[in-house]
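Descriptive structure summary
Read off the chains here:
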Amino acid sequence: MHTRPLVEFRNAIFAGGGSRCFWQLGFWEGAKSAGLDLQGSVKFFGSTSAGSAMSAVAWLGQAREALALFKDFTAKNPANIHWNNVNPLKPGGLFPHPQMYREALRTIVGPVELRMLKQTSIHVLMSAYPGWLGGRLGTAFAFMVYGLETLVRGDVFHPTWPTKAGFRPVVGRVADCRTPDEFVDMVLASSRIPPVLPEGRFGDRPVLDGGFIEHVPVRLASDQPGETLVLLSQRHDGPFPKQRGVTWVHPSAPIEIDKFDYANPDGLQETFDLGLRDGQAFAHSCAPGGGVYSPAQWRDPS
């Protein structure tokens, strides 16, 4: 496809979702293969949790490499819970996720890649505890508030209760990372969901997964010019928010893999392949004369 797309996206938002976020990488790759040059047009990324890793990988153009790497890691991981490590005499933790996540990021992002990432603007959302609360009690409180609001309000896009309860957004910038390890630490800090991924730190403060504040961090692009593309990580059957200049995309079918499944290479491939097909279909819908892409709500033109 060589014609200019109907919409050129300047901003991209990557939602959290653990292993389900490989759909985002597939979508990015599929759109590119069908002629929609997101990598060339997007100048700002807003992300949280696993979406933070995916946004960096997408911009680096290493979607397939990252998939192959993590499939290899998960093929070598026998289970998502290493019950043998309950024995205090055994080395290693109960959950393999933190080590696998860190090792994957270290493999993908070295000094050269970090310099490349600094050529664009990638912001990462984290959640800071209320000043009067922290540790395990604070984590339990975060789960309770987030879960109750999801149950009562059902608004996965714009939660308000965690902020009212005192949790505060903390935004890190890849441009401020001095070393690859600082980048890895920041991405991991935005993904902390105890006990699978224990509490992290950003600067001098303990933080949790940014999804407790906003699972889909559209707010990060609120002051950015241009069109914004929001990549979810699971199918959403309800109405999408109407925001001017914002296009929402989500999987065309339910994603079967669990967000904490780090032992399922076939599931990762299936998730990526679904994203690949959805990204290709979306790219064709963006071409002049293209049809409507059913799994996405087109931007509000008003």
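Up top is the structure.
What comes next is a walk through the structure. Predicted model only: the values in this text are computed from it and were never measured. (Residues numbered from 1 in each chain as written. Predicted model: local features only at pLDDT ≥ 70, side-chain atom pairs only at ≥ 80, totals over all residues. Heavy atoms only, no water.)

Scanning the protein chain from N- to C-terminus turns up 11 helices and nine strands. Counting the 302 residues in the protein chain, one finds 52% classified as buried. Counting contacts in the protein chain only where the partners sit at least 6 residues apart, residues at least 24 apart contribute 75% of the total. Total accessible area on the protein chain stands at roughly 13600 Å², and carbon and sulfur atoms take up 54% of it. (Helix = DSSP H or I, 4+ residues; strand = E, 2+ residues; numbered from the N terminus. Buried < 20%, exposed > 50% of the residue type's maximum accessible area, 1.4 Å probe, protein only. Contact = heavy atoms within 4.5 Å. Areas by Shrake-Rupley, 256 points an atom, 1.4 Å probe, with all protein chains shown as cover.)

Moving on, we get to the nonpolar core. L25, Y101, L117 and F183 are the most contacted members of the largest nonpolar core, which has 67 residues in total. Every residue in contact with L117, bar those within four places of it in the chain, is listed here: A56, W59, L60, V109, I122, V174 and F183. Core analysis: the next-biggest nonpolar cluster, separate from the first, contains 22 residues, I13, V145, A221 and F240 among them. (Core = buried A, V, L, I, M, F, W, Y, C linked by side-chain atoms within 4.5 Å.)

It is at 11 Å that the axes of helix α4 (residues 63-76) and helix α5 (residues 97-108) come closest, and there the two elements cross at 145°. As α4 runs across α5, the sense of the crossing is right-handed. Within the contact between the two elements, α4 uses A66, L69, F70, F73 and T74 and α5 uses M100, E103, A104, T107 and I108. Each residue belonging to the contact of α4 with α5 can be placed in one class, and the counts come to seven nonpolar, two polar and one charged. (Axes fitted to C-alpha atoms, helices over the stretch in contact; angles between N-to-C directions. Left-handed = near helix turned anticlockwise from the far one by under 90°. Nonpolar A, V, L, I, M, F, W, Y, C, P; charged D, E, K, R; others polar.)

A few words on the pairing of strand β7 (residues 227-231). Extensive coverage of β7 is indicated by the burial of four of its five residues. In this structure, strand β1 (residues 9-14) lies alongside β7, joined through five bridges in parallel fashion. Paired with F14 across the two strands is L231, which belongs to β7. (Pairing = 2+ DSSP bridges.)

Okay, helix α9 (residues 180-189) next. Within α9, seven of the 10 residues are buried, which leaves the element mostly enclosed by the surrounding structure. Along α9, the positions that sit buried rather than exposed are P180, F183, V184, M186, V187, L188 and A189.

The description of two helices packed together rests on the angle between their axes and the distance between the axes. Where helix α1 (residues 22-33) contacts helix α11 (residues 265-285), the axes come no closer than 6 Å and their chain directions differ by 40°. Judged by the inter-axis angle, α1 sits oblique to α11. The handedness of the crossing between α1 and α11 comes out as right-handed. Taking contact as the criterion, the partners of F22, W23, L25, G26, F27, E29, G30, A31 and S33 in α1 are, on α11, L268, T271, F272, L274, G275, L276, D278, G279, Q280, F282 and A283. (Parallel < 35°, antiparallel > 145°, perpendicular 65-115°, else oblique.)

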